[in-house]
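Descriptive structure summary
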Amino acid sequence: MTDPAVDAPPTGAVPVSPAGLDLDRLAGYLAEHRPGLAAGPLRARLIAGGKSNLTYLLSLGDREVVLRRPPLGHVLATAHDMGREFRVISALAPTAVPVPEALLLCTDPDVIGAPFYLMERVPGEVFRTRAQTDPLGDDRRRALAMAMMDTLAALHTVEPAAVGLDDFGRPDGYLARQIRRWAGQLDRSRSRDLPGIDELRDLLAATAPEGANAGRIVHGDYRLDNLLASADPVAVHAVLDWEMATLGDPLADLGLLLTYWDVLGGSEEAAGNPVADGLGPHAGFPTGAELIDRYAGRSDVDVGPLHWHVALGCFKLAVICEGIHYRHTLGQTLGEGFDRIGDMVAPLVAHGLTAARER
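All figures in this text were calculated on a predicted structure; none of them were measured in a lab.

Cut-offs and rules
- Residues numbered from 1 in each chain as written.
- Predicted model: local features only at pLDDT ≥ 70, side-chain atom pairs only at ≥ 80, totals over all residues.
- Heavy atoms only, no water.
- Helix = DSSP H or I, 4+ residues; strand = E, 2+ residues; numbered from the N terminus.
- Buried < 20%, exposed > 50% of the residue type's maximum accessible area, 1.4 Å probe, protein only.
- Contact = heavy atoms within 4.5 Å.
- Pairing = 2+ DSSP bridges.
- Axes fitted to C-alpha atoms, helices over the stretch in contact; angles between N-to-C directions.
- Parallel < 35°, antiparallel > 145°, perpendicular 65-115°, else oblique.
- Left-handed = near helix turned anticlockwise from the far one by under 90°.
- Nonpolar A, V, L, I, M, F, W, Y, C, P; charged D, E, K, R; others polar.
- Phe/Tyr/Trp six-rings, centres within 6.5 Å; stacked < 30°, edge-to-face > 60°.
- Lys NZ or Arg CZ within 6 Å of the ring centre and 35° of its normal.
- Expected span 1.5 Å × (residues − 1).
- Polar contact = N/O pair within 3.5 Å; in protein donor to acceptor, adjacent residues only side chain to side chain.
- Core = buried A, V, L, I, M, F, W, Y, C linked by side-chain atoms within 4.5 Å.
- pLDDT = per-residue confidence, 0-100.

Moving on: the overall build of the protein chain. When you go through the protein chain residue by residue, the secondary structure sums to 10 helices and 9 strands. Within the span of the protein chain, comprising 359 residues, buried residues form 52% of the whole. Of the contacts formed within the protein chain by residues at least 6 apart in sequence, a portion of 73% connects residues at least 24 apart.

On to the pairing of strand β5 (residues 116-120). Taking burial as the measure, the 5 residues of β5 include 4 buried ones, the bulk of the element. In terms of strand pairing, strand β3 (residues 63-69) meets β5 through 4 bridges, oriented antiparallel. Within β5, the position partnered with Leu-67 by the bridge is Leu-118. As defined by bridge partners, strand β4 (residues 102-106) adjoins β5 across 4 bridges and the pair is classed as antiparallel. Across the sheet, Leu-105 pairs through a bridge with Tyr-117, a residue of β5.

Two packed helices can be described by the angle between their axes and the distance between those axes. Axis separation between helix α5 (residues 174-189) and helix α6 (residues 197-207) bottoms out at 10 Å; the angle between their running directions is 165°. Taken together, the axis directions place α5 and α6 in an arrangement best described as roughly antiparallel. When you trace α5 past α6, the crossing you get is left-handed. Between α5, through Ile-179, Ala-183 and Leu-186, and α6, the contact on the second element is made entirely by Ile-197, Asp-198, Arg-201, Leu-204 and Ala-205. Broken down by class, the residue content of the contact of α5 with α6 amounts to 6 nonpolar, no polar and 2 charged.

Our focus in this paragraph is the packing of aromatic side chains. Summed over all chains, the structure comprises 3 aromatic pairs. Ring plane angle 75° and centroid distance 6.0 Å describe the contact between Tyr-29 and Phe-116, whose orientation is recorded as edge-to-face. On the criterion of sequence distance, the pair formed by Tyr-29 in helix α1 (residues 23-33) and Phe-116 in strand β5 is long-range, its members being 87 residues apart. Judged on exposure class, the residue Tyr-29 and its partner Phe-116 are both buried. Considering the side-chain rings of Phe-86 and Tyr-117, the 6.0 Å spacing of their centres and the 70° angle between planes classify their relative orientation as edge-to-face. Here Tyr-117 lies in strand β5 and Phe-86 lies in helix α2 (residues 82-92), a separation of 31 residues in the sequence. Of the two residues, Phe-86 and Tyr-117, both sit in the buried class. Taking the ring centre of Phe-168 as reference, the NZ or CZ of Arg-84 above it sits at 4.0 Å.

Once that is clear, we can look at α5. Each turn of an α-helix holds 3.6 residues, which means side chains three or four residues apart point in the same direction. Across its 16 residues, α5 extends 22 Å between first and last C-alpha, which sits within 8% of the 22 Å expected from 1.5 Å per residue. Regarding α5, the residues found buried are Tyr-174, Leu-175, Arg-177, Gln-178, Ile-179, Trp-182, Ala-183, Gly-184, Gln-185, Leu-186 and Ser-189. Where α5 is buried, its residues contact α6, β6 (216-218), β9 (246-248), α7 (251-264) and α9 (307-329).

Position of Ala-283 relative to the elements: it lies in the loop between α7 and α8 (288-296). Look at Ala-283 and you get buried, because its relative accessible area is 2%. Setting aside chain neighbours within four positions, we find Ala-283 in contact with Arg-130, Thr-133, Asp-134, Arg-141, Gly-265, Asp-277 and Gly-278.

Topologically, Asn-213 is positioned in the loop between α6 and β6. Reaching out from Asn-213, the side chain makes a polar contact with the backbone oxygen of Asp-302 at a distance of 3.1 Å. Filtering out sequence-adjacent residues up to four positions away, Asn-213 remains in contact with Gly-248, Asp-249, Pro-250, Leu-251, Val-301 and Asp-302.

Quick look at unusual backbone geometry now. Of the consecutive residues Asp-232 and Pro-233, the connecting peptide bond is found in the cis state with omega at 0°. Along the polypeptide, Pro-233 turns up in the loop between β7 (227-231) and β8 (234-239). Although it is not a glycine, Asp-241 sits at a positive phi angle of roughly 60°. Looking at the element boundaries, Asp-241 is found in the loop between β8 and β9.

Here we take up the nonpolar core. By size, the foremost hydrophobic cluster in this structure holds 91 residues, and its most contacted members are Leu-92, Met-148, Leu-224, Trp-242, Leu-254 and Phe-315. With 12 residues, α9 is the largest single contributor of residues to this core. Once you skip the residues sitting within four places of it in the chain, Met-148 turns out to touch Tyr-222, Arg-223, Leu-224, Leu-227, Val-236, Leu-257, Trp-261 and Leu-291. With 22 residues, the next largest nonpolar core counts Leu-37, Ala-44, Leu-58 and Leu-104 among its residues.

Moving on, we get to the confidence of the model for the protein chain. Per-residue pLDDT for the protein chain averages 87, and the proportion of residues at 70 or more is 87%. pLDDT under 50 marks residues 1-15. Its contacts with residues more than four places away, or in other chains, come to 37 contacts.

Running from N to C, α6 and helix α10 (residues 345-356) point in directions that differ by 30°, and their axes come no closer than 9 Å. Considering their axes alone, α6 and α10 lie roughly parallel with respect to each other. Helix-helix and strand crossings are classified by hand; for α6 and α10 the assignment is left-handed. On the side of α6, the interface is formed by Ile-197, Glu-199, Leu-200 and Leu-203, while α10 contributes Val-349, Gly-352, Leu-353 and Ala-356. In the contact of α6 with α10, the residues fall into 6 nonpolar, 1 polar and 1 charged.

This is the structure:
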């Protein structure tokens, strides 16, 4: 991973535990359970950029691996399940979907203060900002966007039972549960008045489609900056951040992707936002409609009318942003960019209402 580090001790300094990670306890745990990973001095740094689960780059002598753990404080139930992430990347390893190699899962919160897992470090870049995507030029931006869609189509064509994930979720009633789940998380994150968000929730619940595509593996937060990729040559090396993966309707992935791409990455009112500044038409990428055409040509999923799923994506992302905003007000976030997350809730709700009312 090539995201910048937040905590990086100077060369020759005594290793210091970054926030959210106790290096002494971690070293002891590795020595007992995976001595092969504890062969050298242990150093760690927080990888910047993520707005939910925390990601650290661990240096184990000459080897580097990645550690993932839930955020500090105010952890909503089931939203940061390390076991689910570990299981899905382990299951997808032999498929055409690129994922990091899963190395170790620890469910004991006493080791570092929360469950965590380790995965192999994958070379590549997380394309997140205009400073990264502007120099690519039109051709490489387009190729990168299309590679992103090809990878999503590959995920949605994996048969869950063939990789041992047939019990990974409950496809029946998936969309209705999504509404209830995010509504519940909204209630647990409320700290201010949010005009229109309850209307959006109720409108989604009253108009939920049948979900004819249900039963596919759903990433839950698929977008360009949850991929490790390269631009020369253009390739996707790994799909990251599987914390919300399940079995459900793949249109939920497409709807949320379009929310990032066209709503946050294609509208003037959201320009420069800290969530999707380097994504979408506003950053010189192809339109969402072109992305869907590419996906439809490589998948047997019926894309149908996506407006409801875009509305769901807006609601879901609004709730996520509000939860991060709430943790930021409590001083429970690490890194930069959190002070503006709360500003994205209102435009997301407005776009969600517009999409939900389409016929």
